[in-house]
Amino acid sequence: MRLALVEAGRAAEGGDVPVGAVVLAPDGRTVLSAGHNEREATGDPTAHAEVLAIRRAAVALGEWRLSGCTLVVTLEPCTMCAGALVQSRVDRVVYGARDDKAGAAGSLWDVVRDRRLNHRPEVIEGVLADDCARLLTDFFRDR
Ligand SMILES: [Zn+2]
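Residues numbered from 1 in each chain as written. Predicted model: local features only at pLDDT ≥ 70, side-chain atom pairs only at ≥ 80, totals over all residues. Heavy atoms only, no water.

Student: Could you give me a rundown of the sheet that holds strand β5 (residues 122-125), with the residues and numbers involved?
Tutor: Taking strand neighbours across the sheet as the criterion, the five strands line up as β2-β1-β3-β4-β5 in an open arrangement whose pairing is mixed. Among the strands making up the open sheet, the edge pair consists of β2 (31-36) and β5. Taken over all neighbouring pairs, the strand axes of this sheet differ in orientation by 15 degrees on average, direction set aside. (Pairing = 2+ DSSP bridges. Helix = DSSP H or I, 4+ residues; strand = E, 2+ residues; numbered from the N terminus. Axes fitted to C-alpha atoms, helices over the stretch in contact; angles between N-to-C directions.)

Student: Describe helix α4 (residues 79-88), naming the residues involved and giving the relevant values.
Tutor: Buried residues of α4: Cys 81, Ala 82, Leu 85, Val 86 and Ser 88, and no others. The buried residues of α4 all sit within an arc of 165 degrees when viewed along its axis, so they share a single face. Positioned one or two residues after α4, Arg 89 has a phi angle of 65 degrees, which is positive. (Buried < 20%, exposed > 50% of the residue type's maximum accessible area, 1.4 Å probe, protein only. Arc of directions from axis to C-beta.)

Student: Mind laying out the environment of Val 73, listing which residues take part and the relevant values?
Tutor: Position of Val 73 relative to the elements: it lies in strand β3 (residues 70-75). Looking at Val 73, the relative accessible area reads 0%, which means it is buried. Sequence separation between Val 73 and Val 22 is 51 residues; the distance between their C-alpha atoms is 6.6 Å. The contacts of Val 73, once residues within four sequence positions are left out, are Met 1, Val 19, Gly 20, Ala 21, Glu 50, Val 94, Tyr 95 and Gly 96. (Contact = heavy atoms within 4.5 Å.)

Student: Give me the environment of Arg 120: which residues, what numbers.
Tutor: Looking at the element boundaries, Arg 120 is found in the loop between β4 (92-97) and β5. Along the primary structure Arg 120 and Arg 92 are separated by 28 residues, whereas in three dimensions their C-alpha atoms are 8.8 Å apart. Those residues within four positions of Arg 120 in sequence are excluded, and the remaining contacts are Val 112, Arg 113, Asp 114 and Arg 115. Among the polar contacts listed, one links the side chain of Arg 120 to the backbone oxygen of Arg 115, at a separation of 3.2 Å. A distance of 2.8 Å separates the side chain of Arg 120 from the backbone oxygen of Leu 117, its partner in a polar contact. (Polar contact = N/O pair within 3.5 Å; in protein donor to acceptor, adjacent residues only side chain to side chain.)

Student: Mind laying out the pattern of salt bridges, listing which residues take part and the relevant values?
Tutor: By the definition in use, this model includes twelve salt bridges. A salt bridge links Asp 131 to Arg 2; its shortest N-O distance comes to 3.8 Å. You can see Asp 131 sitting in helix α5 (residues 129-141) and its partner Arg 2 sitting in helix α1 (residues 2-13), a full 129 residues away along the chain. Residue Asp 131 is classed as partly exposed on the basis of its relative accessible area of 27%. In this structure, the salt-bridge partner of Arg 134 is Asp 131, at a minimum N-O distance of 3.1 Å. Taken together, the positions of Arg 134 and Asp 131, both in helix α5 and three residues apart, correspond to about one turn of that helix. (Salt bridge = Lys/Arg side-chain N within 4 Å of Asp/Glu carboxyl O.)

Take it as geometry only, folks, not as evidence of what the structure does.
Shown next as structure tokens:
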């Protein structure tokens, strides 16, 4: 999560909402990829931290299935990212701050653990939640 927080800081430098993500290999330690929000920086509406980190992890692994991997992100994933997480077959999603307005991993929706889907990653929430939330609060206060 500390690495994801560093990534989140990079997003803010580019004028993007500070959200950062990393993907860990099945050993739980090796960092396969990292990403931060780049919507403003690239003009791509799908350039969320999780999507970028998932894409880069797949490139690093040489295949689309991220079985056994863990995605760590500073903010609860939105519906798009929750969908991408299910599609990528990650085993675990770890997030920091909850997103009561748009979260899709337990707050507003729970797409990743929907029993109707045949792949449901484990979800661990609240890791360094205060640090993750503070970045966001500071960012929006300064605007
Ligand atoms: Zn998202």
